[in-house]
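Spelled out from the first residue to the last, the chains are:
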Amino acid sequence: QQPVQSPQAVILREGEDAVINCSSSKALYSVHWYRQKHGEAPVFLMILLKGGEQKGHEKISASFNEKKQQSSLYLTASQLSYSGTYFCGTPEGPSNTGKLIFGQGTTLQVKP
Amino acid sequence: DAGITQSPRYKITETGRQVTLMCHQTWSHSYMFWYRQDLGHGLRLIYYSAAADITDKGEVPDGYVVSRSKTENFPLTLESATRSQTSVYFCASSDPVGGNNQPQHFGDGTRLSIL
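It should be emphasised that the depicted structure is a prediction, and the values quoted were computed from it without experimental measurement.

**Overview of the overall build of chain B**
Inference 1: Helix and strand counts for chain B come out as 0 helices and 11 strands.
Inference 2: Counting from the amino terminus, helix and strand elements in chain B follow one another as β-β-β-β-β-β-β-β-β-β-β.
Inference 3: Along the first, second and third principal axes, the C-alpha set of chain B runs to 40 × 30 × 25 Å.
Inference 4: Nonlocal contacts in chain B, meaning residues at least 24 apart in sequence, comprise 56% of its contacts between residues at least 6 apart.
Inference 5: Carbon and sulfur atoms provide 47% of the accessible area of chain B, an area that totals close to 5,400 Å².
Inference 6: Chain B carries 10 positive and 11 negative side-chain charges, and their two centres are separated by 7 Å.

So, in structure tokens, the structure goes:
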């Protein structure tokens, strides 16, 4: 079952912060985050493993709460380059197939 | 250069025609994937391959066929294209070492329009 992302879209001014959430009704084994700029391919940002580990990429960090079956992506002091669509992806099960199920995406627009 | 390449980048065809989208990667990744991306649906898995000659259906496989005779190539064929298959198609690969904890690397996509 597809993870659910919220919000669907967000508009920010440069320098503002944003949080994107990814929730699942199934057990989460790990969570991947990708960013896709308009007209381009999705690009891997980070992976969150069990244990609530936080990771960072530029001024973007994320957390993973396996008990709540959710992950959150934190974008701090947004830059124009952060604009794009953010996807979370979760393994479909515990087996190591490499397959991910992606959320529907959250579109982020950063304005000057 | 190492990477994953898709061809063609753009394709316009007519309903009923057969069309093949190509995907080539130079990392020797065992895992390869085909996705379609439509507004409101995110990335949906069409087919998956764990290795050469091993393929499996994904979430939306109807109307598509894949083959994988060599590790580096994973073509996707629409046997008789329909308008509902108008979409952006992405190929991806990942390293099986580390399984689900490896990132997927995406090609630039093929924008397919079926008239």
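**Brief notes about the interface of chain A and chain B**
Inference 1: Each side of the interface is counted separately: chain A has 25 residues, and chain B has 23 residues.
Inference 2: Buried area between chain A and chain B, both sides added, is near 1,800 Å², and the carbon and sulfur share of it is 53%.
Inference 3: A salt bridge links A:Lys99 to B:Asp56, with the nearest nitrogen and oxygen atoms 3.8 Å apart.
Inference 4: At the junction of chain A with chain B, the criterion picks out 13 residue pairs in polar contact (both at pLDDT 80 or more).
Inference 5: Elements represented by at least two residues in the side of chain A that touches chain B include exactly β4 (30-36), β5 (42-49), β9 (84-91) and β10 (100-102) of chain A.
Inference 6: Its residues placed into classes, the side of chain A that touches chain B shows 11 nonpolar, 12 polar and 2 charged.

**A short note on the packing of aromatic side chains**
Inference 1: Going through the model one piece at a time under the given rule, you end up with 11 aromatic pairs over all chains.
Inference 2: Between A:Tyr34 and A:Phe44 the ring centres are 5.6 Å apart and the planes differ by 70°, which places this aromatic pair in the edge-to-face class. Taken together, the residues A:Tyr34 in strand β4 and A:Phe44 in strand β5 connect sequence positions 10 residues apart.
Inference 3: For A:Tyr34, a relative accessible area of 1% puts it in the buried group.
Inference 4: A relative accessible area of 25% means that A:Phe44 is categorised as partly exposed.
Inference 5: Geometrically, the ring pair formed by B:Tyr64 and B:Tyr89 is edge-to-face, given 5.9 Å between the ring centres and 65° between the ring planes.

**Concerning the nonpolar core**
For soluble globular proteins, the rule of thumb is that nonpolar side chains tend to be buried together.
Inference 1: Counting residues in hydrophobic clusters, the biggest one holds 21 residues, and the most contacted among them are A:Trp33, A:Met46, A:Leu73, A:Leu75, A:Tyr86 and A:Leu108.
Inference 2: In contact with A:Leu108, other than residues within four places in its own chain, are A:Val10, A:Leu12, A:Ala18, A:Leu75, A:Tyr82, A:Ser83, A:Gly84 and A:Tyr86.
Inference 3: B:Ile4, B:Leu21, B:Ile46 and B:Tyr64 belong to the second-largest nonpolar core, a separate cluster that totals 19 residues.

**Some remarks on the side chain of B:Arg68**
Residues and elements named next belong to chain B.
Inference 1: In this fold, Arg68 is placed in the loop between β7 (64-66) and β8 (76-78).
Inference 2: For the buried residue Arg68, which engages in no salt bridge, the nearest side chain bearing the opposite charge is Glu72, 7.3 Å off.
Inference 3: There is a polar contact of 2.7 Å between the side chain of Arg68 and the backbone oxygen of Thr71.

**A few points about the state of the cysteines**
Residues and elements named next belong to chain A.
Inference 1: One pass over the structure, following the stated rule, counts 2 disulfides over all chains.
Inference 2: Across a sulfur-sulfur distance of 2.1 Å, Cys22 and Cys88 are joined as a disulfide pair. Torsion about the S-S bond of the Cys22 and Cys88 cystine: about 75°, corresponding to right-handed handedness. In this pair, Cys22 sits in strand β3 (residues 18-23) while Cys88 sits in strand β9, placing the two residues 66 residues apart along the sequence. As far as the burial class goes, Cys22 and Cys88 line up, both buried.

Conventions adopted
- Residues numbered from 1 in each chain as written.
- Chains lettered and ligands numbered in written order.
- Predicted model: local features only at pLDDT ≥ 70, side-chain atom pairs only at ≥ 80, totals over all residues.
- Heavy atoms only, no water.
- Helix = DSSP H or I, 4+ residues; strand = E, 2+ residues; numbered from the N terminus.
- Contact = heavy atoms within 4.5 Å.
- Areas by Shrake-Rupley, 256 points an atom, 1.4 Å probe, with all protein chains shown as cover.
- Lys, Arg positive; Asp, Glu negative; His and termini not counted.
- Charge placed at Lys NZ, Arg CZ, Asp CG, Glu CD.
- Buried area = accessible area lost by both parts, 1.4 Å probe.
- Salt bridge = Lys/Arg side-chain N within 4 Å of Asp/Glu carboxyl O.
- Polar contact = N/O pair within 3.5 Å; in protein donor to acceptor, adjacent residues only side chain to side chain.
- Nonpolar A, V, L, I, M, F, W, Y, C, P; charged D, E, K, R; others polar.
- Phe/Tyr/Trp six-rings, centres within 6.5 Å; stacked < 30°, edge-to-face > 60°.
- Buried < 20%, exposed > 50% of the residue type's maximum accessible area, 1.4 Å probe, protein only.
- Core = buried A, V, L, I, M, F, W, Y, C linked by side-chain atoms within 4.5 Å.
- Disulfide = S-S within 2.5 Å.

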